[in-house]
Amino acid sequence: MRFLLTLCLATFHLSAQTKTTWNDVPAYTLANGLIEVTVLTTGGTIAGITLASDQQKTNPLWDPVRFARETGNAFRGSKSDVGHFLCLDGFGSPSSQERAAGLSFHGEARRQSFVTKAAASENGRQVLTLEADLPLAQERLTRTLEIREGENVLYVRSELQSHTAFDRPMSWAEHATIGSPFLEAGVTVVDAPVVKAQTRPYVEPQARRLAAARDFDWPMAPLREGGTVDIRSAPVKLGSVDHTAQLVDQGRNYTWVTAINPNKRLIVGWIWRPADFPWLQNWESYPTSGKLARGLEFSTQPFDIPRRETVDMRQMFGTPTYQWLPAKSTITKTFAFFYATTPEGMTKVANITVQKGLILVEDGSGRRIDLRATGSF
């Protein structure tokens, strides 16, 4: 069964970027008649993505601000730490010395106000370029987001420039996070081409359903109480928080992670080059409130830990646990982010391949989605 999402270009007219706000945070909306993407100017966060054809306007991304409002609680975090946000330069807790110098959890970029360098709409393309200096890390980040007419894909290109005269270990994570109502216990399933995996070596076992510091074969993770569990879907029994590290297949030109809600017939996915981000972190937050969140975080390191620890680890599964940012240089990382409907009966993704102008999503049982994708990533 083939599900074709290559649509007639004449049917849609590309809208210009629209300045807006998202929970009182300045933002841009990019829309092309198929998808609508909300990008915050704080942190360059991708706060939301919806389908024009979806009457429910289901945003698959995590929205803790809405969670707090719906449960009658005050939101006490940063409104830019939502959806798909950027952890740079730093992922997890800083060291005590870094903290004293002003560095915060998950790095500097997520709290920075970005300057709009370009907001253009031409030749069937919408391009938004945001830029911010990271004064503590002595870096400059330029992030370009693009959608194209007739496509369900957002292309993201990030350029990180070092202002220091020495090579340094770098920590970078794309903190892509899905949430309720798209994320449903026992319904929504996650797939990725994982080679090896390990549960986080937690010291405190509270609220953990998984055993700590254990290697496993994805997706069957070891339980604290014995046995294994398929972690592709959230458990029906809620009340746990877990974290696992996944090494993606380094032999592929492109790697990926997807989440499907079969009931809603919706799929969201990210595609990137393994050399840019060899690790996929799986953060599971399944509280009894039912306001679920799951991080599908592709990164330069296996866990969100201080950079000193990533260097001390050196390797996991024969793969480096950190990357270098060379002196006075600029490095570039890219990915594609898609959102679409699925054919009836599609409950998993067995493989994704990237061809010229096309992303092919297959379930291994004859069902396939063809996504037109003419951008670079």
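Residues numbered from 1 in each chain as written. Predicted model: local features only at pLDDT ≥ 70, side-chain atom pairs only at ≥ 80, totals over all residues. Heavy atoms only, no water.

## Some points on the overall build of the chain
So, point 1. Each helix and strand counted, the chain has three helices and 29 strands in total.
So, point 2. Computed over C-alpha atoms, the radius of gyration of the chain comes to 20 Å, within 12% of the 21 Å expected from 2.2 N^0.38 for 377 residues, which places it in the range of a compact globule.
So, point 3. Structurally, the chain occupies a C-alpha span of about 55 × 50 × 45 Å along its principal axes.
So, point 4. Relative to its 377 residues, the chain shows a buried fraction of 58%. (Helix = DSSP H or I, 4+ residues; strand = E, 2+ residues; numbered from the N terminus. Rg over C-alpha atoms; globule rule 2.2 N^0.38 Å. Buried < 20%, exposed > 50% of the residue type's maximum accessible area, 1.4 Å probe, protein only.)

## Thoughts on the sheet that holds strand β8 (residues 125-134)
So, point 1. Taken in spatial order, the eight strands line up as β7-β8-β9-β10-β26-β20-β19-β13 in an open sheet, and their pairing is antiparallel. Both outer strands of the open sheet, β7 (115-122) and β13 (189-191), are each paired with one neighbouring strand and no more. The average angle at which neighbouring strand axes cross in this sheet is 15°, direction not considered.
So, point 2. Bridge analysis of strand β10 (residues 153-162) against strand β26 (residues 330-341) gives nine bridges, and the strand direction is antiparallel. Each residue of the ladder has a partner; that of Val156, found in β26, is Phe335. (Pairing = 2+ DSSP bridges. Axes fitted to C-alpha atoms, helices over the stretch in contact; angles between N-to-C directions.)

## A word on the environment of Gly375
So, point 1. Considering the arrangement of structural elements, one finds Gly375 in the segment after β29 (368-372).
So, point 2. Linking Gly375 and Lys356, residues 19 residues apart in sequence, is a C-alpha distance of 9.6 Å.
So, point 3. Those residues in contact with Gly375, other than ones at most four positions away along the chain, are Arg148, Glu151 and Tyr155. (Contact = heavy atoms within 4.5 Å.)

## Side note on unusual backbone geometry
So, point 1. Each neighbour pair has its own omega, and for Leu88 with Asp89 the value is -20°, a cis peptide bond.
So, point 2. With respect to the secondary-structure elements, Asp89 resides in the loop between β6 (84-88) and α2 (96-100).
So, point 3. Here Trp218 and Pro219 are connected by a cis peptide whose omega angle stands at 5°.
So, point 4. With respect to the helices and strands, Pro219 occurs in the loop between β15 (215-216) and β16 (220-222).
So, point 5. One non-glycine residue, Asp24, adopts positive backbone phi at about 70°.
So, point 6. One can find Asp24 in the loop between β2 (18-22) and β3 (25-31).
So, point 7. Of note, the phi angle at Lys328 is positive, near 45°, even though the residue is not glycine.
So, point 8. As for its placement among the helices and strands, Lys328 is situated in the loop between β25 (323-325) and β26.

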